[in-house]
Amino acid sequence: MLTVTTRVTGVPASPSSDAAAVKPISATNSPFPLEPTNRRRLLHAAVSLSAAAITLTLPAEIAEARGLFQMPPFRLINRYYLVRAGESEYEDMGIINTNPVAKTSVDNGLSDKGKKQTVKAALKLKAMGACDDGCWIWPSITQRAYQAAEVIAAVNGISRSYIVPEYSFLDARGLGGYEGRSLEVVSEVYASDTVSPRNKPPPIDDGTPSESVEDVFVRVTQLMSILETQYSGETVIIVSPDSDNLTVLQAGLVGLDLRRHHELSFEPGEVRFVDINSIPAYKQPASAVYKCLNPPSCT
């Protein structure tokens, strides 16, 4: 509410007057009757003063909005390392296992070879100085990925409280009807991906999702949106149970056609730093740079 205090020259204020005794001047009690036109002018003046007061109370700088993440990104707030967990027990047996129901199973943990691969990954991160100034480790809750995160934390001297398990966005890509089959048939999936990023593996009724490249792209974009909103200027190590999450994410970051994501394939235990120089310069959409110089006639 805007309060306007008016002092009339020649009318002394009462010595005993206080805020409770002051009555707002109105058209009925004013010693100078107001015409309708004057009332309108007073209203306009009050609105103008209110607007000015609001303007003066605004901060000099408005906080930048964050959270709407796009691929390729306009910029990255944080530094990122991408890590594929070491070989799993199922991978050691040459069997496809992507059903999320089994992702926390002990059988989905690291094989002996996978543990060695993960130690090498942790040592590489240490050599790269990934956690010299602290870091956050974001692994999939999938058994092998979380085990890998624990190894990375131990080798790099990071408290387990900095391990943040991710419950769905980093699930291994669901391969549907290929579930339980030999790893060799994964080549059929990638052949299908090169035709269209919307192609899905054949469905199955055991609860294993059939995910296209675009389905994975949606998940990893959501993950990056969370990370870029939750942290600022931090180092984040993303630990995935499979290669596809990371190849689709990297393809999105560098603007590579998603049909070619497999060209960026990660080996078990592989580590990559996301180099901001690999991210193409942001281009504004046509709608953002369009100007109408002669409205309403625009060309």
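These figures come from a predicted structure and were not determined experimentally.

Each value, and the rule that gives it
- Sequence order as written defines the numbering, with residues in each chain counted from 1.
- At least 70 in pLDDT is required for a residue's local features to be given in this predicted model, at least 80 for side-chain atom pairs to be given and counted, and no such filter applies to totals for whole chains, interfaces and linings, which use all residues.
- Only hydrogens and water are set aside when side-chain values are computed; all heavy atoms of the structure are taken into account.
- Angles run from 0 to 180 degrees between N-to-C directions of axes, and those axes are lines fitted to C-alpha atoms, restricted for helices to the stretch in contact.
- Counting from the N terminus, the helices are the DSSP runs of H or I reaching at least four residues and the strands are the DSSP runs of E reaching at least two.
- Roughly parallel here means an angle under 35 degrees, roughly antiparallel means over 145, roughly perpendicular means 65 to 115, and every remaining angle is called oblique.
- Every residue pair with non-hydrogen atoms within 4.5 Å of one another is taken to be in contact.
- We call Asp, Glu, Lys and Arg charged. Ala, Val, Leu, Ile, Met, Phe, Trp, Tyr, Cys and Pro are nonpolar, and the rest, Gly among them, are polar.
- Criterion for a disulfide: a pair of cysteine sulfur atoms at a distance within 2.5 Å.
- Burial here depends on accessible area, computed with a 1.4 Å probe over protein chains only, as a share of the maximum for the residue type. Under 20% is buried, over 50% is exposed, and the range in between is partly exposed.
- Here, nonpolar core means buried Ala, Val, Leu, Ile, Met, Phe, Trp, Tyr and Cys residues that are tied together by side-chain atoms lying within 4.5 Å of each other.

Visitor: In this structure, what is going on with the packing of helix 6 (residues 213–230) against helix 7 (residues 244–254)? I would like to understand it.
Guide: Helix-helix packing: each pair is described by the crossing angle between the helix axes and the interaxial distance. The N-to-C vectors of helix 6 and helix 7 enclose an angle of 75 degrees; their axes lie 9 Å apart at closest approach. By the angle class used here, helix 6 and helix 7 are roughly perpendicular. Each of Val213, Val216, Phe217, Arg219, Val220 and Met224 in helix 6 lies in contact with helix 7, whose residues at this interface are Asp244, Asn245, Val248, Leu249 and Gly252. Broken down by class, the residue content of the contact of helix 6 with helix 7 amounts to seven nonpolar, two polar and two charged.

Visitor: Help me out: how do you make sense of the state of the cysteines in this one?
Guide: In protein chemistry, a disulfide is the covalent bond that joins the sulfur atoms of two cysteines. Counted by the stated rule, this structure contains one disulfide. Note that cysteine 131 is cross-linked by a disulfide to cysteine 135, the S-S spacing being 2.1 Å. Residues cysteine 131 and cysteine 135 are joined through a disulfide that is right-handed, its torsion about the S-S bond being 80 degrees. Each of the two residues, cysteine 131 as well as cysteine 135, counts as buried.

Visitor: Is there a simple way to explain the nonpolar core in this structure?
Guide: Nonpolar side chains tend toward joint burial in soluble globular proteins. Counting residues in hydrophobic clusters, the biggest one holds 28 residues, and the most contacted among them are Tyr80, Met224, Leu227, Ile238 and Leu249. Counting only elements with at least two residues in this core, the list comes to strand 1 (79–84), strand 2 (136–139), helix 6, strand 3 (235–240) and helix 7. In terms of residue count, helix 6 provides more of this core than any other element does, six residues in total. What leucine 227 contacts, discounting residues up to four positions off in sequence, is Asn78, Tyr80, Trp138, Val236 and Ile238. In this structure, Ala85, Ile137, Ala145 and Ile237 belong to the second largest nonpolar core, which totals 20 residues.

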